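Understanding the architecture of this molecule
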Amino acid sequence: MTIASSTLRQLTLVALTTLACAAYAQTAFPAAATQAQARYQRDMAVCNSGQSNQSVATCRREAASALDEAQRGTTGSNPAQYQNNALQRCAVHQGDDRVVCEARITNESDITSGVQAGGVLRQSTTVTPEQ
């Protein structure tokens, strides 16, 4: 009888913990979902107005993809992850080209950004002596 009583108490504790976590999740994430939906509506308004630098179909697809990512919780500005991704793209280069590529990513001085630039443009100048 004590084993059944102990098991019942454990199951009750697990059920209450699960309910508490579910209640917290429902109160914590609606704000993020509301923000994502509002962002989607703004993005779609820009797409439909023709003010984006993309075709309407591409703009709408990007807006829908951003909403999907936000709903999955996989978006967010994580500068370290962005830099790691950029450095991984340098892995296709060999030798000096790879060194120069990595220097562009880690050097913050020559960066241009903006909508017209299409994102972030990184520029570096390499001086090569005459041979």
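If you're wondering where the values come from, they're calculated on a predicted model, not measured in any experiment. (Residues numbered from 1 in each chain as written. Predicted model: local features only at pLDDT ≥ 70, side-chain atom pairs only at ≥ 80, totals over all residues. Heavy atoms only, no water.)

Attention now moves to the confidence of the model for the protein chain. This prediction gives the protein chain a mean pLDDT of 76; 71% of its residues lie at or above 70. Mean pLDDT across the elements of the protein chain ranges from a minimum in helix H1 (residues 2-28), with 61, to a maximum in helix H5 (residues 95-106), with 87. (pLDDT = per-residue confidence, 0-100. Helix = DSSP H or I, 4+ residues; strand = E, 2+ residues; numbered from the N terminus.)

What follows deals with the state of the cysteines. Scanning the entire structure with this criterion turns up 2 disulfides. The partner cysteine of Cys-47 in its disulfide is Cys-59, sulfur to sulfur 1.8 Å. Looking along the S-S bond of the Cys-47-Cys-59 disulfide, the torsion reads about -80°, which is the left-handed sense. Taken together, the residues Cys-47 in helix H2 (residues 30-49) and Cys-59 in helix H3 (residues 56-72) connect sequence positions 12 residues apart. The pair Cys-47 / Cys-59 is uniform in exposure class, with both members buried. Sequence-ordered numbering of the bonded cysteines in the protein chain gives a pairing of 1-2, 3-4. (Disulfide = S-S within 2.5 Å. Buried < 20%, exposed > 50% of the residue type's maximum accessible area, 1.4 Å probe, protein only.)

Orientation of helix H4 (residues 79-89) relative to H5, taken along the N-to-C sense of each, is 165°, at an axis distance of 9 Å. Between H4 and H5, the crossing angle belongs to the class labelled roughly antiparallel. Between H4 and H5 lies a crossing whose hand is right-handed. On the side of H4, the interface is formed by Gln-83, Ala-86 and Leu-87, while H5 contributes Glu-102, Ile-105 and Thr-106. A per-class count over the contact of H4 with H5 returns 3 nonpolar, 2 polar and 1 charged. (Axes fitted to C-alpha atoms, helices over the stretch in contact; angles between N-to-C directions. Parallel < 35°, antiparallel > 145°, perpendicular 65-115°, else oblique. Left-handed = near helix turned anticlockwise from the far one by under 90°. Contact = heavy atoms within 4.5 Å. Nonpolar A, V, L, I, M, F, W, Y, C, P; charged D, E, K, R; others polar.)

Our next topic: the side chain of Asp-43. Here Asp-43 shows up in helix H2. Not counting the four nearest positions on each side in its chain, Asp-43 is found in contact with Cys-59 and Ala-63.

Time to look at the environment of Leu-121. The residue Leu-121 is located in strand E2 (residues 119-122) in this model. Separated by 17 residues in the primary sequence, Leu-121 and Arg-104 place their C-alpha atoms 9.7 Å from one another. Excluding its chain neighbours within four sequence positions, the residues that come into contact with Leu-121 are Asp-110, Ile-111 and Thr-112.

For the rest of this paragraph, the subject is the side chain of Ser-52. Here Ser-52 is to be found in the loop between H2 and H3. Taking the relative accessible area as the measure of exposure, Ser-52 reaches 18% and is therefore buried. Of the polar contacts made by the side chain of Ser-52, one reaches the backbone nitrogen of Gln-54; its length is 3.3 Å. Contact partners of Ser-52, with chain neighbours within four places excluded, come to Val-46 and Cys-59. (Polar contact = N/O pair within 3.5 Å; in protein donor to acceptor, adjacent residues only side chain to side chain.)

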